[in-house]
Amino acid sequence: MPPPLTLHASCVAWRGRGVLITGPSGSGKSTLALALMGLGCDLVADDRTHLAPAPGGGLWASCPAAIAGMIEARGVGLLGAVPCGPVRLSLAVDLGRAETARLPPERHVTHLGCSLPLLHDIGTGHFAPAILQYLKAGRREP
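Going by the annotation in an unreviewed UniProt entry, the name recorded for the protein chain is HPr kinase/phosphorylase, with Limimaricola hongkongensis DSM 17492 given as the source organism.

Shown next, in the form of structure tokens:
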């Protein structure tokens, strides 16, 4: 089994289904996490996220103890949040890549040998609600 991995990433969860948010510094990881928290998601981790293989497949995401229950709101400061986790990841979002297709192909990213569905940044205000709906009901192919 591969050793745990720490990523420069944020993570939130809706009813135990985690979404891993990656991207370069300043790309909006914490902003997207806050938007999802505003829609009812729980904070798992901000800025650094631990990943570990889950028994039976998949990945667990958790927060380093030193930053548990904190999220940065640029221009506001560090905010407190009730931490949750570890959670099983259901989705990954890469804010470092722009989505240009109206109906993009299904994409995946692999961490520690486990594949996750992947969305690229759509750059619109409806990204957070679309991610939440993805967590609730999945994606359908046209």
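Let's pick the thread back up.
Draft legend 1. Region of interest: the pattern of salt bridges. The final tally for this structure, using the stated rule, is one salt bridge. Close ionic contact of Arg107 with Glu99 constitutes a salt bridge, the shortest N to O distance being 2.3 Å.

Draft legend 2. Fine view of the side chain of His120. Within the fold, His120 resides in strand S11 (residues 114-121). The residues touching His120, leaving out its near neighbours within four places in the chain, are Asp94, Arg97, Ala98, Glu99, Arg107 and Phe127.

Draft legend 3. Representation of unusual backbone geometry in the model. The residue after Gly85, namely Pro86, is reached through a cis peptide bond having omega 5 degrees. Here Pro86 lies in the loop between strand S8 (77-80) and strand S9 (87-98). Phi angles above zero are rare outside glycine, and Arg15 is one such case at about 50 degrees. With respect to the helices and strands, Arg15 occurs in the loop between strand S2 (9-14) and strand S3 (17-22). Overall, the relative accessible area of 71% leaves Arg15 in the exposed class. For Leu112, which is not glycine, the phi dihedral falls at a positive 50 degrees.

Draft legend 4. Structural context of the nonpolar core. Grouped together as the largest cluster of nonpolar side chains are 21 residues, with contacts concentrated most on Val19, Leu32, Leu36, Leu91, Val93, Phe127 and Ile131. Those elements giving two or more residues to this core turn out to be S2, S3, helix H1 (29-38), S9 and helix H2 (127-137). Residue contributions to this core peak at six residues, all from H2. Leave out the neighbours within four places in its chain, and Leu36 touches Val12, Val19, Ile21, Cys41, Ala128, Ile131 and Leu132.

Draft legend 5. Layout of the UniProt feature "domain: HPr kinase/phosphorylase C-terminal" (unreviewed entry) in the protein chain. Taking the numbering used here, the UniProt-annotated feature "domain: HPr kinase/phosphorylase C-terminal" (unreviewed entry) corresponds to residues 6-79. The span residues 6-79 is 14% helical and 46% strand by assignment, and the distance between its end C-alpha atoms comes to 22 Å.

Draft legend 6. Highlighting the side chain of Thr22. The residue Thr22 is located in strand S3 in this model. Once residues lying within four places of it in the same chain are set aside, the contact partners of Thr22 are Ala9, Lys29, Val93, Asp94, Leu95 and Gly96.

Draft legend 7. Structural context of the layout of surface pockets. The calculated volume of the largest pocket comes to roughly 460 Å³. Residue lining of the largest pocket: 19 residues in total, with Pro104, Leu119, Ala130, Tyr134 and Arg139 positioned closest to the centre. Only S11 and H2 provide two or more residues apiece to the lining of the largest pocket. Its residues assigned to classes, the lining of the largest pocket comprises 10 nonpolar, four polar and five charged.

Draft legend 8. Representation of the pairing of strand S10 (residues 107-111). Relative to S11, S10 runs antiparallel, the two sharing five bridges. By the bridge assignment for S11, Val109 is matched with Leu116. In sequence, S10 turns back onto S11 through a hairpin of two residues, with Leu112 there showing a positive phi of about 50 degrees.

Draft legend 9. Up close: the environment of Val93. Residue position: Val93 is located in strand S9. Judged by its relative accessible area of 0%, Val93 is buried. Separated by 28 residues in sequence, Val93 and Asp121 have C-alpha atoms that sit 7.2 Å apart. Every residue in contact with Val93, bar those within four places of it in the chain, is listed here: Val19, Leu20, Ile21, Thr22, Leu32, Leu118, Leu119, Phe127 and Ile131.

Definitions and cut-offs
Residues numbered from 1 in each chain as written. Predicted model: local features only at pLDDT ≥ 70, side-chain atom pairs only at ≥ 80, totals over all residues. Heavy atoms only, no water. Salt bridge = Lys/Arg side-chain N within 4 Å of Asp/Glu carboxyl O. Helix = DSSP H or I, 4+ residues; strand = E, 2+ residues; numbered from the N terminus. Contact = heavy atoms within 4.5 Å. Buried < 20%, exposed > 50% of the residue type's maximum accessible area, 1.4 Å probe, protein only. Core = buried A, V, L, I, M, F, W, Y, C linked by side-chain atoms within 4.5 Å. UniProt positions renumbered as here; feature names shortened; annotations may be inferred. 1 Å grid on protein atoms, 1.4 Å probe; cavity = no way out; pocket = protein on both sides within 12 Å on 5 of 7 lines; lining within 4 Å. Points joined across faces, edges and corners; volume = space filled by probe spheres on them. Nonpolar A, V, L, I, M, F, W, Y, C, P; charged D, E, K, R; others polar. Pairing = 2+ DSSP bridges.

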